[in-house]
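Fold and geometry: a report
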Amino acid sequence: MIILLAPNFVLKTGQKYKLLQNNVLFFCQRAKKTSLSFLSHIENDMLIIVQYSHNFAPQEMNLIYMLSKIYNITTLLFMCLAYQGYSQSDVSSVNINNLDSSFYNKTLNEVVVTGNYKPTGIDKSVVPTRIISLSKLSPLAAQNVADVLKYQANLRIQQDNILGTGMTMQGISGENIKILINGVPVNGRQNGNIDLGQLNINNVERIEIVEGPLSVQYGTNALAGTINIITKKKPAKDVDFNANTYYESVGHYNVNTSFGWQINRQSFLLSGGRNFFQGWSEGDTSRFQTWKPKIQYFGDVNYNIDLGKTKIGFMGNYFNEFILNRGRPLLPYFEKAFDDHYTTTRYSSSLNLTHQFDNQLRTNILISYSDYTRTKNTYYRDLVNLSEIMTNNSSDQDTTRFNMLSSRGTVTKTTDEKLNFEAGYDINVETGSGLRLKGKNHSIGDYAAFASAEWHITEGVTFRPGLRASFNTSYQAPLIPSAHILWKITDQFTLRASYGRGFRSPSLKELYFYFVDINHNIRGNENLEAEKSHNLNTFLTYKKVKAKNVYKAEASLFYNKINNLITLAILRGEQNEYGYINVGQYNTSGGQLFGEIVLNNFSVGSGASLTRSMNVFNNERYPADTWETRSNLTYTFPKAKMNFNFWFKHVSKQPGYVLGEDGKIQPIFVGTYNLVDFGTSKKFMKDKMMLSFGIKNIFNVKNIDSQLVGGAHSSSNGSSSLATGRNLFVKCEISL
Amino acid sequence: MSFHNLSISVLKVGRQLAGSLAVAAFLLPSITGCLKEEQSVKPHEPGNVITRTVELSQDYRYQVFYSLEKDSVISRNIKTDWDLSFESNTEGSKVFVNSSRFMSASNTGQEAFEAVTDTSGFFLNRRLDASNHPDTMAIGEVKNTNKIYLIDRGFDENGDNLGFIKVKFVSVDNEKYVIQIQKQGDTQIQTHQIMKNYSRNFSYFSVKTNAQVPIEPNKNDWDLMFTQYIHTFSDPYLPYLVTGVLLNPYNTQAAVDSTIDFKKIDITVANNMKLRAAPDVIGYGWKEFGFANSVYKIYAHWNFVVRDSKSLYYKMHFIDFYNDKGTKGYPKFELQKL
């Protein structure tokens, strides 16, 4: 007997089924011809499970058990099906006796989409990808992408209490990391960084991290790496309601909710929420706070329709953040103060269309529009009568606006034969305006075409060369090649190697910045060239599954070389004129070791990485080494539906060098720190409710020693904010 | 799935929701966080002093001449109103550039205007009139020079560069200076006379109007000049435009103290202070720009005692750099005659 479970099966009485071919029982809500093309793989006594994602709802687990028991089935065949399609290469089979809930989360073929022709099992992806599944992080009560990434290897988080949270990957920071939401680039950078604290994860399903350039596919900024945030597209059931509340003792009060439903081929998902942070300062009782009070409102709409061969999805997002920076009362009478109000608004909407012409040929078109506005207003506040007035100092008020229209389209031919192709276009038109952009209003258009091929040289070896050519309205765009190799040495060992060129186009700020007044003379440079990089990556992975135990190990090496580094430099010595110029070279290299063992209900993972950054100024080399270790430990009590989690990360002192105001090379550094979080969660009410609580930052880290600027005005060693100290958190999740 | 089934499902969810809301009710306070209102502070008692504000405006365009005795502004001008100032007493023969615009000059060593054709090397050789280095002057003594000076006219209040002029100081006597000027991009060489005005410290010449212009009031009538000027930092060497107060070079002296409470400074205390005639005794250091929060911080404990040309004593200290609307460039001080 063969049972086939197709997408969105739900156990319920009266479930319709169809009998197909020889004794195949087909459970599903809607039968599709394309779903059956792999039936040649099927043997007797199999339960075939076709899934949208690697997460299983409890009722789905029950159904699998029940059906296996009834029909005496021993082998399960998993078809990994993300939202866009699948092929037989994503099939993995498992013995029924090895099945339990922890097993699913660990070994089921996780699916990635970033940089791949189609949703692909992570083991088969040519592009080395890390997946962070949000369901695993639940006990840690991560609230935004910054919380999620802070425990990842080769990633460092920097905190600025006004500009937000930035990140460094493989020793390369800010502008050189591409951030996508479902493949749509996120715009609106402050000081080069997307504020990761503005990316909430309430409706995120997983985060895919690709180290190394994906510039062929994604163009500018995807030089150090790409982070693709994949949101939930559909409700888990016909009607689905979720509500989460979160409280952290330092003063976070968050609430969000989502509601989704499906009618036949259509599905809707609405979500929204509010995050409030009351602000925090160590020991300071004045109105000034180091960590600024913050209120965020956000909402998302998702609509998907499945017309068989054609699938259409619409996504709309809204985000609003208000940060209040209350100034210190002014000397000598403490009757006045300056308050800064920062308001950020993000809108974005995107339309995604996938069409499957036949088994081999498919096309995907994505059109998106994003709008980012950040307003800074300064108020002069009278603390006696509590009135305030907007100031008219030239630098006090500013509205920066970026909007971007982008479209990507790909045509993919995937067969089981030797050669697969992808070709596509990528158009990004960005406009920006702001007080400090010369001429106030600017636009950059980037029009690119790219192509790549996937060549299965032998059974275990896949080679993928790619090329991108682009035309840019503002600068000479380079031709970008890349090459990836996947070698499945044995069942357990996989080797991946890649070479890629990356580039970063000069930002609107670097091209058109204009800040000239009596004290400043800083100008953009319209003749800047793109930063160009070479990147080499190798990954060796080992994975063995034995009964309920999983053994995983990974070793990787990377090397990046960036030329034409864009730097703010003093142009005319005593005139104090600053400008952006293409000087300098920057190299990073390093490696990582990581191992993970899952034994029954216990899992432990541990890893270490080393990064060397090399600044080159005037042909002199300035090396800076830094390393980190991380570990996580999980124990699950399946009967009690409880789990305990420890996460640990040690980050060593991170040295660096900058070109000082006087032209001398100045050493800088960020000090060493340890982060430890503990979290536990338990499910109640037939799994409809989950309570989590824990301790964040057990070592009570607040500020770390650092010196971030060199030059004449710098003081001696300072410190920079990292975290708000040790805190308790409580989280309640309800899903009906 | 039909709409009927959907509505049944919605109803089911609704029932479950009602049940779990009761459970979650204890979490309700956690979702209602909001910003707390501030408590107001009590205003200070001004006491027996007067409070004055001088307008430089946020781009520091004004130069303001202030009299302590009359407790008022005697005159003010925009800093682009003049370029060169000439010592105005009978014996005087020194020339200064307008430092409030970051002007600078370099002696080209040439004697003919045609011989000076470009500005290359200017920034290496140029000199400035920094108030803390009165011995190094941009031009200085012009009695026996017949060389061409290349002069950078500095920046206007918007930060825009005003270009170069070439100047030759032809002669100086008890009554006047004679100079020749060629403006950048001009072939014409103009000759001008600048008459000495003995009741002033300086006579002034404007390149813009091509004429001598009245700037400074009678030297007996003012004590303090609020203006931008150049201060030279060392290690590393950095000439910088600062905003502050310079003393009238004519018989005005001042002292600074940060140890005695402002209220306790009386004539006895003032008499014991060591008065100095340096132009920048008051200077710019009574405030500091905080790079972290972009706000000027006032050092109100820096108290100044000023003795004017009539030997009258005053005490003053700065209490603000912003006006009531929070605009910078409005030094506010408390003042009392001793």
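Bear in mind the structure is a predicted one, so any value in this text is a computation, not a measurement.

The rules we used
- Residues numbered from 1 in each chain as written.
- Chains lettered and ligands numbered in written order.
- Predicted model: local features only at pLDDT ≥ 70, side-chain atom pairs only at ≥ 80, totals over all residues.
- Helix = DSSP H or I, 4+ residues; strand = E, 2+ residues; numbered from the N terminus.
- Buried ≥ 20, exposed ≤ 12 C-beta atoms within 10 Å, placed from the backbone.
- Contact = placed C-beta atoms within 7 Å.
- Pairing = 2+ DSSP bridges.
- Axes fitted to C-alpha atoms, helices over the stretch in contact; angles between N-to-C directions.
- pLDDT = per-residue confidence, 0-100.

Structural notes on the overall build of chain B
Counting secondary structure elements, chain B contains 3 helices and 21 strands. When each of the 338 residues of chain B is scored for burial, the buried share is 36%. Sequence-distant contacts in chain B: of pairs separated by 6 or more residues, those separated by 24 or more amount to 55%.

Thoughts on the overall build of chain A
Helix and strand counts for chain A stand at 6 helices and 47 strands. In chain A, which comprises 736 residues, the proportion classed as buried is 42%.

Quick notes on the sheet that holds strand E19 (residues 303–307) of chain B
Through backbone hydrogen bonds, the strands of a sheet pair up, either in parallel or in antiparallel fashion. Residue and element names in this part refer to chain B. Here 5 strands make up an open sheet; going across it, the order is E1-E21-E20-E19-E16 and the pairing antiparallel. At either margin of the open sheet sits one strand with a lone partner, and together these are strand E1 (50–53) and strand E16 (253–257). Along the sheet, successive strands turn relative to each other by an average axial angle of 30°, direction set aside. Bridging between E1 and strand E21 (residues 328–337) involves 4 bridges; their strand directions are antiparallel. Counterpart to Thr 53 in the pairing with E21 is Lys 332.

Points about the pairing of strand E43 (residues 673–684) of chain A
All names here are of chain A. Sheet topology note: the strand E40 (residues 642–651)/E43 ladder contains 10 bridges and is antiparallel. What sits directly across from Asn 643, in E43, is Ser 681. Relative to strand E44 (residues 689–696), E43 runs antiparallel, the two being bridged by 7 bridges. From the neighbouring strand, Lys 682 faces E44, where its bridge partner is Leu 691. Here E43 hands over to E44 after 4 residues, with Met 685 in that stretch at a positive phi of 45°.

Some remarks on the sheet that holds strand E3 (residues 72–78) of chain B
Residue and element names in this part refer to chain B. Strands sit in the order E3-E2-E14-E15 across an open sheet of 4 strands; the sheet is antiparallel. Lying at the two open borders of the sheet, with one neighbouring strand each, are E3 and strand E15 (238–247). For this sheet, the mean inter-axis angle between neighbouring strands, taken without regard to orientation, is 35°. Pairing geometry for strand E2 (residues 62–67) and strand E14 (residues 224–233), over 3 bridges, is antiparallel. Along E14, the bridge assignment pairs Tyr 66 with Leu 224.

A few points about unusual backbone geometry
Omega for the bond connecting Leu331(A) with Pro332(A) falls within 30 degrees of zero, at -5°, which places this linkage in the cis form. Among the structural elements, Pro332(A) can be located in the loop between strand E21 (310–326) and strand E22 (336–356). The phi dihedral of Lys641(A) is positive, around 55°, even though this residue is not glycine. By the secondary structure assignment, Lys641(A) is in the loop between strand E39 (620–637) and E40. For Ser57(B), which is not glycine, the phi torsion reads 70° and is therefore positive. Mapped onto the elements of the fold, Ser57(B) is located in the loop between E1 and E2. Exposure remark for Ser57(B): the 14 C-beta atoms within 10 Å place this residue in the partly exposed category.

Re the environment of Ser407(A)
All names here are of chain A. Counting through the fold element by element, Ser 407 comes out in strand E25 (residues 398–413). Assessed through the 16 C-beta atoms surrounding it within 10 Å, Ser 407 is described here as partly exposed. For the pair Ser 407 and Ser 692, spaced 285 residues apart in sequence, the C-alpha separation works out to 40 Å. Residues in contact with Ser 407, not counting those within four places in the same chain, are Leu 366, Ile 367 and Ile 427.

What to know about the confidence of the model for chain A
Residue and element names in this part refer to chain A. Predicted confidence across chain A gives a mean pLDDT of 79, with 79% of residues reaching 70 or more. Mean pLDDT in chain A bottoms out at helix H2 (residues 101–107), which sits at 40, and peaks at E21, which reaches 93. Low pLDDT (under 50) marks residues 97–109, which in the prediction has 27 contacts with non-local residues, meaning those over four places away or in another chain.

Notes on the pairing of strand E16 (residues 225–231) of chain A
Residue and element names in this part refer to chain A. Among the 7 residues of E16, 6 are classified as buried, and the element is accordingly described as predominantly covered. For strand E15 (residues 204–211) and E16, the ladder comprises 7 bridges, and the chain directions are antiparallel. Looking across to E16, one finds that Val 204 is bridged to Thr 231.

Section: the environment of Arg127(B)
Residue and element names in this part refer to chain B. Mapped onto the elements, Arg 127 comes out in the loop between helix H2 (122–125) and strand E7 (140–141). Among the residues examined, Arg 127 registers 18 C-beta atoms within 10 Å and is labelled partly exposed. Residues contacting Arg 127, with those up to four places away along its chain left out, are Ser 104, Ala 105, Ser 106, Thr 136, Met 137 and Ala 138.

Thoughts on the confidence of the model for chain B
Counting all residues, the mean pLDDT for chain B is 87, and 90% of those residues have values of 70 or more. Prediction confidence for the complex, expressed as pTM and ipTM, is 0.82 and 0.77 respectively.

A look at the environment of Ile365(A)
All names here are of chain A. Note on placement: Ile 365 falls in strand E23 (residues 361–382). Along the chain, Ile 365 and Thr 626 lie 261 residues apart, while their C-alpha atoms are 42 Å from each other. Filtering out sequence-adjacent residues up to four positions away, Ile 365 remains in contact with Leu 353 and Gly 409.

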